[in-house]
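Breakdown of the fold
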Amino acid sequence: MKRFIITTFLVFICFLLQCTVFHALAFGGIVPNLLIVLTSSFGFMRGEKTGLLIGFFCGLLVDIFFGNSIGFYSLLYMYIGYMNGKFCTIFYPQDIKLPIALILGSDCFYGLTCYVILFLLRSRFDFEYYFMHVILPEIVYTIFVTIFLYPLILWINTRLERSELRSGKKFV
Amino acid sequence: MSPIVKRKGEKFTLPSKYLLFILTILCTGMVLLTFNTTVFSGPLSMVAGYTVVPFEEGISSVGSWLANRSDELVQIRDLIAENESLREQLDELTIENTRLQQDRYELTNLRELYSLDAQYDEYQKTGARIIARDAGNWFHSFVINKGSQDGIAVDMNVMAGSGLVGRIVDVGPNWSKVKAIIADDSNVSAMVLSSSDNMIVSGNLKLYASGVIEFEQLVDSDNVVVEGDKIVTSNISDKYLPGILVGYISTINQDANNLTKSGYITPAVDFEHLEEVLVVMELKQLPE
């Protein structure tokens, strides 16, 4: 229950920050993708199911407010969360390289899918321009934000796990 | 043993791949359903409206307050110097103003003669504040703090100052989504004010940085359209009310087919620093 409330709270905070505060901090009109950081870190920290559920709800929020049809971003974020969940078995909290690499890969996947489905299919063929001016800056900025956001998410998760372990022991 | 069949006394859990499968089908179904209809958007936007929008409003008002304060501090020094020179100008302008007022009476009379009404004044408008911007980097849309409770409906036009910003594409009880005319997937039917030649104005992500939008399919056989001409929304558009200023032509080129022209328009609205907008509370009348 505690975990549910805190996770919901995190999703809300990240969504709100991304579409209000970070627009004021945008570099060259590019905002970082906090929802990807959240989805993929919970994916590799907690496993496939948590990843895909958090991804689904992050995407649903984006869909309701900014999507052309409900379901597209949900689907995209959900698969990103699920894919990251596959790496749960080789994840160690001490290691920062794997999370960074996974978030980088996830954001790249997100950017490429958005380009192919939302732009390429409307015959915008200049991939190089979109890659250099939207996808790449977003990845760089997201990774930069990850350096600060990821330790926070990790800390919250460790605290939660510890308190769950403690309350679990009471019943044994 | 099948993973979803429940054994006695065992706690029921759904394996993640089944959950993924179910949600994938659900999402695909919703995409197909909501692509052209608005089946789910009612309840969903209601829930979102009462949970997310109050926070967005709070954050954006705090944000704009902070931005204003910091601007003020920077500007105080400039303002003192400016004040001096403005006082001098004021005297000159007061004299000029009396002269111009006389001219204005003449102008009003002439306007009546030409029956040139200021068209915008007829539309009833309501002001709204922008509370959130697109979560991604691909499109340019934003959320405003008024919705169906304030009488806003889908397809109403949105303006800022005297220029066109976009139109409402989604409405919740206390919020609505505006798609800007500079968004990559938006197209506006417009015309040149002086010659009434029609054209299509479309947003383009590539041109965001240079602050222009592109237009195409302008048939200008008499070669009268020049750079600097005013572009307004056309009479034949089925979403936009006629005669709203879109911007001014900044570049115009002959197309390769030698029949049509295309080029760039500088929008009348500064999309970078947009904070408040006006929603025109009138929908374009269409023949049934």
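Residues numbered from 1 in each chain as written. Chains lettered and ligands numbered in written order. Predicted model: local features only at pLDDT ≥ 70, side-chain atom pairs only at ≥ 80, totals over all residues.

**Examining the overall build of chain A**
Put simply, the rule is: Helical segments are the DSSP runs of H or I of at least four residues, strand segments are the runs of E of at least two, and each set is numbered from the N terminus. As a reference, a globule follows 2.2 Å times the number of residues to the power 0.38, and the radius of gyration itself is taken over C-alpha atoms. Residues with at least 20 other C-beta atoms within 10 Å of their own are called buried, those with 12 or fewer are called exposed, and the rest are partly exposed. The C-beta atoms themselves are positioned from the backbone. For every residue pair, C-beta atoms are placed from the backbone, and the pair is scored as a contact if these atoms sit within 7 Å.
In terms of regular secondary structure, chain A is built from seven helices and zero strands. Relative to the globule expectation of 16 Å for 172 residues, the C-alpha radius of gyration of chain A, 17 Å, shows essentially globular dimensions. Its C-alpha atoms give chain A principal-axis dimensions of about 60 × 30 × 30 Å. Across the 172 residues in chain A, those meeting the buried criterion constitute 49%. Long-range pairs, those at least 24 residues apart, make up 67% of the contacts in chain A between residues at least 6 apart in sequence.

**Some thoughts on the nonpolar core**
Selection rule: Take the buried Ala, Val, Leu, Ile, Met, Phe, Trp, Tyr and Cys residues, join any whose C-beta atoms are within 7 Å, and the set you get is a nonpolar core. Marked domain ranges trace back to an automatic or database domain assignment.
Within the largest apolar cluster, 109 residues are counted, with the highest numbers of intra-cluster contacts made by Leu38(A), Cys58(A), Val165(B), Val201(B) and Val246(B). Residue contributions to this core peak at twelve residues, all from helix H4 (residues 48-66) of chain A. Mapped onto the domain boundaries, this core takes at least three residues apiece from domain 1 (40-116) and domain 2 (122-281) of chain B. Ignoring anything within four residues of it in the chain, the contact list for Cys58(A) reads Val11(A), Phe15(A), Leu35(A), Leu38(A), Thr39(A) and Tyr77(A).

**A word on helix H1 (residues 2-19) of chain A**
In plain terms, the rule: Every helix has an expected span of 1.5 Å times one less than the residues it contains.
If you check H1(A), its first and last C-alpha atoms are 26 Å apart, about what 18 residues at 1.5 Å a residue would give, namely 26 Å. Buried within H1(A) we find Thr7(A), Leu10(A), Val11(A), Cys14(A), Phe15(A), Leu16(A), Gln18(A) and Cys19(A).

**Section: the pairing of strand E10 (residues 245-254) of chain B**
All names here are of chain B. To keep it simple, the criterion reads: Only when DSSP finds a minimum of two bridges between them are two strands counted as paired.
Bridge analysis of strand E9 (residues 230-233) against E10 gives three bridges, and the strand direction is antiparallel. Across the sheet, lysine 230 pairs through a bridge with tyrosine 248, a residue of E10. Bridging between E10 and strand E11 (residues 260-267) involves seven bridges; their strand directions are antiparallel. If you follow asparagine 253 over to E11, its bridge partner there is serine 262. Taken together, E10 and the strand that follows it, E11, pair antiparallel across an intervening segment of five residues, in which asparagine 258 is found at a positive phi of about 65°.

**A word on the domain arrangement of chain B**
Residues and elements named next belong to chain B. Inclusion rule: Each residue receives one of three labels: charged for Asp, Glu, Lys and Arg, nonpolar for Ala, Val, Leu, Ile, Met, Phe, Trp, Tyr, Cys and Pro, and polar for the others, Gly being one of them.
Once the domains are mapped, chain B shows domain 1 (40-116) and domain 2 (122-281). Relative placement of domain 1 and domain 2: their C-alpha centres are 21 Å apart. Domain 1 puts ten residues into the contact, and the matching count from domain 2 is twelve residues. At the level of secondary structure, the elements contributing two or more residues to the side of domain 1 that touches domain 2 comprise helix H2 (41-51) and helix H3 (53-114). In terms of residue class, the side of domain 1 that touches domain 2 is made up of three nonpolar, five polar and two charged.

**Some points on the environment of Tyr73(A)**
Residues and elements named next belong to chain A. The topology assignment puts tyrosine 73 in helix H5 (residues 72-85). By the C-beta count within 10 Å, which is 28 here, tyrosine 73 ends up buried. Each C-alpha atom, one on tyrosine 73 and one on valine 62, is 6.7 Å from the other, the two residues being eleven residues apart in sequence. Not counting the four nearest positions on each side in its chain, tyrosine 73 is found in contact with Gly59, Val62, Asp63 and Gly67.

**Thoughts on helix H6 (residues 97-119) of chain A**
The end-to-end C-alpha distance of H6(A) is 32 Å, a good match for the 33 Å that 23 residues give at a rise of 1.5 Å each. Listed as buried for H6(A) are Pro99(A), Leu102(A), Ile103(A), Ser106(A), Asp107(A), Tyr110(A), Gly111(A), Cys114(A) and Phe119(A).

**A short note on the interface of chain A and chain B**
Opposite the 34 residues of chain A that make contact, chain B presents 34 residues. Elements supplying a minimum of two residues to the side of chain A that touches chain B: H1, helix H2 (21-24), H4, H5, H6 and helix H7 (127-171) of chain A. The element best represented in the side of chain A that touches chain B is H4(A), accounting for eight residues. Taken together, the residues of the side of chain A that touches chain B sort by class into 22 nonpolar, eight polar and four charged.

**Details of the confidence of the model for chain B**
Applicable threshold: pLDDT is a residue-level measure of predictor confidence that goes from 0 to 100.
Per-residue pLDDT for chain B averages 83, and the proportion of residues at 70 or more is 90%. If you check the scores for this complex, the pTM reads 0.78 and the ipTM reads 0.78.

**Section: the packing of H4(A) against H5(A)**
Residues and elements named next belong to chain A. Basically, it comes down to this: What counts as an axis is a line fitted to C-alpha atoms, over the stretch in contact for a helix, and the angles between N-to-C directions run from 0 to 180 degrees. Throughout this description, any angle smaller than 35 degrees is read as roughly parallel, any larger than 145 degrees as roughly antiparallel, any in the 65 to 115 degree range as roughly perpendicular, and the remainder as oblique. Handedness of each helix crossing follows the sense of rotation of the near helix against the far helix: counterclockwise by less than a right angle gives left-handed, clockwise gives right-handed.
Between H4 and H5, whose axes approach to 7 Å, the crossing angle comes to 160°. Taken together, H4 and H5 sit at an angle that is classed as roughly antiparallel. Considering how the two elements wind past one another, H4 and H5 form a crossing that is right-handed. Where H4 approaches H5, its residues Glu48, Gly51, Leu52, Ile54, Gly55, Phe56, Cys58, Gly59, Leu60, Val62 and Asp63 are matched on the opposing element by Phe72, Tyr73, Ser74, Leu75, Leu76, Tyr77, Met78, Ile80, Gly81, Tyr82, Asn84 and Gly85.

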